[in-house]
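# Chains, contacts and geometry: an overview
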Amino acid sequence: MADSLTITDNRTGKSYEVPINDGTIKAIDLRKIKVSDDDFGLMTYDPAFLNTAACRSAITFIDGDKGILEYRGYPIEQLAEKSTYIETAYLLLYGDLPTKPQLEQWNHDITYHTILNENLKSLLDAFRYNAHPMARLISTVAALGTFYPEAKDISDNEMRQKQIQRIIAKVITIAAFNYRHRIGMPYAYPDNDLSYPGNFLNMMFRMTETKYKPNPALEHALDVLFILHADHEQNCSTAAMRSVGSSEVDPYSAVAAAAAALYGPLHGGANEAVIHMLNEIGSVAHVPDFIKRVKAGEGVKLMGFGHRVYKNYDPRAKIIKKVADEVFDVTGRNPLLDIALELERIALSDDYFVKRKLYPNVDFYSGLIYQAMAIPMEMFTVLFAIPRVSGWLAQWNEMLSDPDLKISRPRQIFTGSERRDYVDLKKRG
Ligand code: ACO
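Owing to the predicted nature of the structure, the values given are computational and were not obtained by experimental measurement. (Residues numbered from 1 in each chain as written. Predicted model: local features only at pLDDT ≥ 70, side-chain atom pairs only at ≥ 80, totals over all residues. Heavy atoms only, no water.)

## As for the overall build of the protein
Put simply, the rule is: Strands are runs of DSSP state E lasting at least 2 residues, helices are runs of H or I lasting at least 4, and numbering of each runs from the N terminus. Using C-alpha atoms as the atom set, the radius of gyration is obtained and then compared with a globule rule of 2.2 Å times the number of residues to the power 0.38. Relative accessibility under 20% of the residue-type maximum defines a buried residue, over 50% an exposed one, and the middle range a partly exposed one, all with a 1.4 Å probe and only protein chains included. Contacts are assigned to residue pairs that have any heavy atoms within 4.5 Å of one another. Under the convention used here, Asp and Glu are negative, Lys and Arg are positive, and both His and the chain ends fall outside the count. To locate a charge, the coordinates of NZ of Lys, CZ of Arg, CG of Asp or CD of Glu are taken.
In terms of helices and strands, the protein carries 17 helices and 5 strands. Here the C-alpha atoms of the protein give a radius of gyration of 24 Å, agreeing with the 22 Å that 2.2 N^0.38 yields for 429 residues. Principal-axis analysis of the C-alpha atoms places the extent of the protein at approximately 80 × 65 × 55 Å. Taking all 429 residues of the protein together, 49% fall into the buried category. Looking at the protein alone, contacts between residues at least 24 apart form 69% of all its contacts between residues at least 6 apart. Taking the 49 positively charged and 54 negatively charged side chains of the protein as two groups, their mean positions are separated by 5 Å.

## Some points on the site of the ligand
Let me state the cut-off plainly: We call a residue near a molecule or strand as soon as one heavy atom of that residue lies within 4 Å of the molecule or strand. Pairs of N or O atoms are called polar contacts if they sit within 3.5 Å, as long as, within protein, a hydrogen donor faces a hydrogen acceptor (for residues adjacent in sequence, only side-chain-to-side-chain pairs). The Shrake-Rupley method, run with a 1.4 Å probe, gives the accessible areas here. Residue values count only the displayed protein chains as cover. Gly is put with the polar residues, along with every residue not named as nonpolar or charged; the nonpolar set is Ala, Val, Leu, Ile, Met, Phe, Trp, Tyr, Cys and Pro, and the charged set is Asp, Glu, Lys and Arg.
Surveying the vicinity of the ligand reveals 19 residues, the closest of which are Lys301, Leu302, Gly304, Arg308 and Arg356. Between the ligand and Gly304, the relevant distance is 2.8 Å, taken from an oxygen atom to a main-chain nitrogen or oxygen of the residue. When the ligand is considered free in solution it has 930 Å² of accessible area, and contact with the protein chains removes 71% of it. Of the residues belonging to the shell around the ligand, the class tally is 10 nonpolar, 5 polar and 4 charged.

## Examining the nonpolar core
For clarity, the threshold we go by: Residue types Ala, Val, Leu, Ile, Met, Phe, Trp, Tyr and Cys, when buried and joined through side-chain atoms within 4.5 Å, form a set referred to as a nonpolar core. What counts as a domain boundary in this text is fixed by an automatic or database domain assignment.
If you look at the biggest cluster of nonpolar residues, it comprises 119 residues, and the most contacted ones within it are Ile168, Tyr196, Phe200, Met277, Leu302, Leu343 and Leu393. At 13 residues, the largest contribution of residues to this core is made by helix 17 (residues 380-400). No fewer than three residues from each of domain 1 (74-266 + 385-400) and domain 2 (270-372) sit in this core.

## Concerning the domain arrangement of the protein
Our working rule: Summed over both partners, the accessible surface that disappears when two parts come together, traced with a 1.4 Å probe, is what is meant by buried area. A pair is scored as a salt bridge if a Lys or Arg side-chain nitrogen falls within 4 Å of a carboxyl oxygen belonging to Asp or Glu.
Split by domain assignment, the protein resolves into domain 1 (74-266 + 385-400) and domain 2 (270-372). Between the C-alpha centres of domain 1 and domain 2 the distance comes to 27 Å. Taken together, the 19 residues of domain 1 in the interface contact 20 residues of domain 2. Looking only at domain 1, the three residues that lose the most surface to domain 2 are Leu225, Leu228 and His232, adding up to 33% of its buried area. One can count 0 salt bridges joining domain 1 with domain 2. Connecting domain 1 to domain 2 are 3 residue pairs in polar contact (both at pLDDT 80 or more). Residue assignment for the side of domain 1 that touches domain 2 shows that the elements contributing at least two residues are helix 1 (76-82) and helix 8 (216-229). The biggest single contributor to the side of domain 1 that touches domain 2 is helix 8, with 9 residues. Partitioned by chemical class, the residues of the side of domain 1 that touches domain 2 number 11 nonpolar, 6 polar and 2 charged.

## Here we look at the sheet that holds strand 3 (residues 60-63)
Convention followed: By this definition, two strands are paired if DSSP reports at least two bridges between them.
As summarised here, the arrangement of the 3 strands in space is 3-4-5, forming an open sheet in which the pairing is antiparallel. In this open sheet, the two edge strands, each paired with only one partner strand, are strand 3 and strand 5 (74-75). Note: strand 3 against strand 4 (residues 68-71), 4 bridges, orientation antiparallel. The partner of Asp63 across the bridge, within strand 4, is Ile68.

## What to know about the pairing of strand 1 (residues 4-9)
Pairing between strand 1 and strand 2 (residues 14-19): 6 bridges, direction antiparallel. Pairing of Leu5 across the sheet is with Val18, part of strand 2. Between the end of strand 1 and the start of strand 2, which pair antiparallel, lie 4 residues, with Gly13 showing a positive phi angle near 80°.

## Focus on the state of the cysteines
Think of a disulfide as a covalent bridge from one cysteine sulfur atom to another cysteine sulfur atom. Heads up, the condition is: When two cysteine sulfur atoms are found within 2.5 Å, that pair is recorded as a disulfide.
This structure, assessed with the given rule, holds 0 disulfides. Here Cys55 is not cross-linked by a disulfide; its sulfur's nearest cysteine counterpart is in Cys236, at 14 Å. The class for Cys236 is partly exposed, based on a relative accessible area of 47%.

## Looking at a nonpolar patch on the surface
Basically, it comes down to this: Excluding any residue in a salt bridge, patches collect residues exceeding 30% relative accessible area, merging like charges within 9 Å and nonpolar Val, Leu, Ile, Met, Phe, Trp and Tyr side chains within 5 Å.
A grouping of Phe40, Met43, Tyr45 and Ile413 is seen on the molecular surface, where their side chains present a nonpolar patch of about 440 Å² in accessible area. Its place among the elements puts Ile413 in the segment after helix 17. Accessibility expressed as a relative area gives 51% for Ile413, which makes it exposed.

## Quick word on the side chain of Arg388
Positionally, Arg388 belongs in helix 17. Although buried, Arg388 forms no salt bridge, and the nearest oppositely charged side chain, Asp231, lies 5.0 Å from it. If we ignore the near neighbours within four places in the chain, the residues touching Arg388 are His229, Ala230, Asp231, His232, Asn235, Ser237, His267 and Arg316.

## Remarks on the pattern of salt bridges
In total, this model carries 18 salt bridges according to the counting rule given. With a closest N to O distance of 2.7 Å, Lys211 and Asp193 form a salt bridge. Placement of the pair is Lys211 in the loop between helix 7 (196-205) and helix 8 and Asp193 in the loop between helix 6 (157-182) and helix 7, with a sequence separation of 18 residues. Note on Lys211: relative accessible area 37%, which makes it partly exposed.

## Quick look at unusual backbone geometry
Of note, Asp22 is a non-glycine position whose phi angle comes to about 50°, a positive value. Structurally, Asp22 is set in the loop between strand 2 and strand 3. Assessed through its relative accessible area of 62%, Asp22 is described here as exposed. In the Ramachandran plot, Lys357 falls in the positive-phi region, its phi being about 55° despite a non-glycine side chain. Given a relative accessible area of 42%, Lys357 falls into the partly exposed group.

## Observations concerning helix 17
The line we're drawing: To estimate the expected span of a helix, count its residues, drop one, and scale the result by 1.5 Å. Bend at a residue means the angle formed by two fitted axes: the first through the 7 residues ending at that position, the second through the 7 residues beginning there.
With 21 residues, helix 17 ought to run about 30 Å at 1.5 Å a step, and its terminal C-alpha atoms sit 30 Å apart, in line with that. Along its length, helix 17 reaches its greatest deviation from straightness, about 40°, at Arg388. Counting buried positions along helix 17 yields 21 of 21 residues, so the element is predominantly enclosed.

Below, the structure is given as C-alpha cells:
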C-alpha cells in the first residue's frame, strides 16, 4: 500500500485516509474532513509558508540544515569555481549545462540584446536625480514590457524564450543607465566584445576612454557573485514571481513584481542594511555593545545574519568570504571588514545566536565587496536583482509548463465582523 496518513477527526469520530507523496500531503485532501455537509472542510493555516510546498520544482535544491545549495544538481561550490554566470543562467533555465555551440549561441543571444530602445531614456530622465536605483529598476523593467506587446503571449514558448533573453540581457543596461543618470553622467553603451559582468562594469564606470578594460579580478569576482545570487528556490521574490506570473501577465510585469519583493530590507535589501549597520557600529570596540542591543530585543537585528531556510552556515557566504579576499587584494582592504569579522566571531560563539542557529547569510559580506569595487550602496540590491532575474525567469518558465498550474489564490481565516446593516451617516455615533 502506498504511504498514507490516517486522520481521526475528534469532532466527529470519523477517520480519513490521506495519501503521502514526496513527504507531503495535499492540503486539498483535507477539504473532505467536515463536521457537516455544508461545512467548507478543513484548511491548513500557514502564514509565511513555513511548512507549505507551493509548487514542484526541479531547479534548485537546498538542504538548510546541512548548508547545501545545488542548481540542477550541481553544487554551488563547483559552479562558483568553474562556471560563468551566463552558463549558469542557461543551466537554471534549460536544465543542463550547455554544449559548446549552445553556449556560444546563448552568449551571442544575450550579448546582442543588451541595447535599450532609445525611447526608454526619457523614462529614466524623468526620475528625480536621487531616486533609489531599485525603485528605478522596478519601474524601468515594467516599462520595458510596453515595448514588446507580443510578450503577452506567454503560451508561445518561442516568444517566452525571446523575452527571457531580452530581460537577462537588458537588465544590466537598465541598472547601469539608472546609476549613470543618478550621478549625472552620460550613459555608456554596451560593448559586445565584453563578458556579461565586464559589460556591466563598462556601462557603470566607462569615462572618456574609447575602450573600457575591466579589471579581470573584479570582473571574475562579479561573475562569481552573480552565480551565487542566481536562484534560491521559493524565496520571497521568487514566490512573488510565481504568484504574479500565475495570472498570465507578461514576464516584464512579473519580474518587476519580483524585484519589488527583493527590494525589502529582510530580503535583497539586507546587503545595503549590513553596510548601514557596520557604519553605525563604527569600530571593533563597539561590537560587544551592539551585540548586547541585538540580544536585548530592542528591535535591533544583526543584519546579514539568519535565514528562513539555512540553519547552518550559508554556503554562499563561505564562497563570498574567499571572493572578498581576492577583491581586497586589488582594491585594498575594506576598513569595515574588521568590524564584520568581529561581529561574526562573537555571534558564532554567543549562546543567543547559536541557539537560534543564526549564521552569516549571503548578504553579510557581499556589500563589503561591492563597496570595495566602488559600487555605491544604493546599487547593492540592484546587483542582487541582476542575476536573480535568470532564477525568476527559470521558475516562471517551469511554472508555465506545470500541469498543476492555476492562478495563485490563498485562502484566509476571516476574523472580521459578522453581517450587519449599513448605518446612515446621520445616525452614526
Ligand atoms: N539578528 C538577531 N536575531 C535574529 C536575527 C538577526 N538577524 N534573525 C532572526 N533572529 C531571531 C528572531 O528574533 C527570533 O528570535 P526569538 O525566537 O527569540 O523570537 C529567532 O531568531 C528566529 O527568527 P525568525 O524571525 O523567526 O526567522 P525567520 O525565518 O522568520 O527570518 C530572516 C529570517 C528574515 C532572514 C531573519 O533572520 C532576518 O531578519 N535577518 C536579518 C535580515 C537579513 O539578513 N536578510 C537577508 C536574508 S538572505 C536573503 O534574502 C538573500
